[in-house]
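# Observations on the model geometry
The primary structure of each chain is shown beneath.
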Amino acid sequence: MSARHVPTDDAWVPEACTLPTAERPLRLAEFDQFCTAAVQGLNRLSAQHLRLRLDGGTRTEEMARDLMARESSCCSFFTFGLSRPDPDSLWLDVRVPAAHVGVLDALAERAVSLRDQR
């Protein structure tokens, strides 16, 4: 168990997010569940680019595609890419413009904290 604290509020959600406020806790819970179940590692390739190494299973890929599509619809500043460099690996690339680096920072911190709590 890690001593890291995972924030439970959505204070880091940018104003550009169009997801209704009432739905944000549900999306956050989905993201937390996804990170806990699927994220095996991450690399910060640049200030604006985060790569998550995921469990390579088919179910993980389906969950990632669904979450990416829904997140893109409310936070249009995100650019997501899913790739499979080999049959057992799955990478989720998350990019943001410079104005939203803080959101990517929070996403990376949350993913690390949740992964470390397993």
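What comes next concerns the included structure. (Residues numbered from 1 in each chain as written. Predicted model: local features only at pLDDT ≥ 70, side-chain atom pairs only at ≥ 80, totals over all residues. Heavy atoms only, no water.)

## Considering the packing of helix α1 (residues 24-38) against helix α2 (residues 58-74)
One way to put it is that α1 packs onto α2 with a least axis distance of 11 Å and a crossing angle of 150 degrees. It follows that α1 is roughly antiparallel to α2 by the angle criterion. Between α1 and α2 the crossing geometry is left-handed. Judged by residue contacts, Arg27, Glu30, Phe31, Phe34 and Ala38 of α1 engage Thr60, Met63, Ala64, Leu67, Arg70, Glu71 and Cys74 from α2. Within the contact of α1 with α2, the residues separate by chemical class into seven nonpolar, one polar and four charged. (Axes fitted to C-alpha atoms, helices over the stretch in contact; angles between N-to-C directions. Helix = DSSP H or I, 4+ residues; strand = E, 2+ residues; numbered from the N terminus. Parallel < 35°, antiparallel > 145°, perpendicular 65-115°, else oblique. Left-handed = near helix turned anticlockwise from the far one by under 90°. Contact = heavy atoms within 4.5 Å. Nonpolar A, V, L, I, M, F, W, Y, C, P; charged D, E, K, R; others polar.)

## Looking at the pattern of salt bridges
For the coordinates displayed, the defined rule picks out eight salt bridges. Note that glutamate 61 is salt-bridged to arginine 65, the shortest N-O span being 2.9 Å. Taken as a pair, glutamate 61 and arginine 65 lie in helix α2 at a separation of four residues, close to a single helical turn. What makes arginine 65 partly exposed here is its relative accessible area of 44%. Ionic pairing is found between glutamate 61 and arginine 84, a salt bridge with its closest N-O pair at 2.8 Å. One end of the pair, glutamate 61, is in helix α2; the other, arginine 84, is in the loop between β3 (79-83) and β4 (90-95), and 23 residues separate them in sequence. Residue arginine 84 is classed as partly exposed on the basis of its relative accessible area, which comes to 33%. Counted as one network, the salt bridges with shared partners bring together Glu30, Asp66 and Arg70. (Salt bridge = Lys/Arg side-chain N within 4 Å of Asp/Glu carboxyl O. Buried < 20%, exposed > 50% of the residue type's maximum accessible area, 1.4 Å probe, protein only.)

## Regarding the nonpolar core
With 26 residues, the main nonpolar core has Leu54, Phe78 and Leu92 as its most contacted residues. At the level of secondary structure, the elements contributing two or more residues to this core comprise α1, β2 (49-54), α2, β4 and α3 (101-116). Non-local contacts of leucine 92, meaning those with residues more than four positions away in its chain, are made with Phe34, Leu50, Arg51, Leu52, Leu54, Met68, Phe80, Gly81 and Leu82. (Core = buried A, V, L, I, M, F, W, Y, C linked by side-chain atoms within 4.5 Å.)

## Digging into the packing of α1 against α3
In contact at an axis separation of 8 Å, α1 and α3 are set at 55 degrees when each is read in the N-to-C sense. Classified by the angle between their axes, α1 and α3 sit oblique to one another. Taken as a pair, α1 and α3 cross one another with a handedness that is right-handed. In this structure, α1 uses Leu28, Phe31, Asp32, Cys35 and Thr36 to contact α3, whose residues at the interface are Leu107, Arg110, Ala111 and Leu114. The residue inventory of the contact of α1 with α3, partitioned by class, reads six nonpolar, one polar and two charged.

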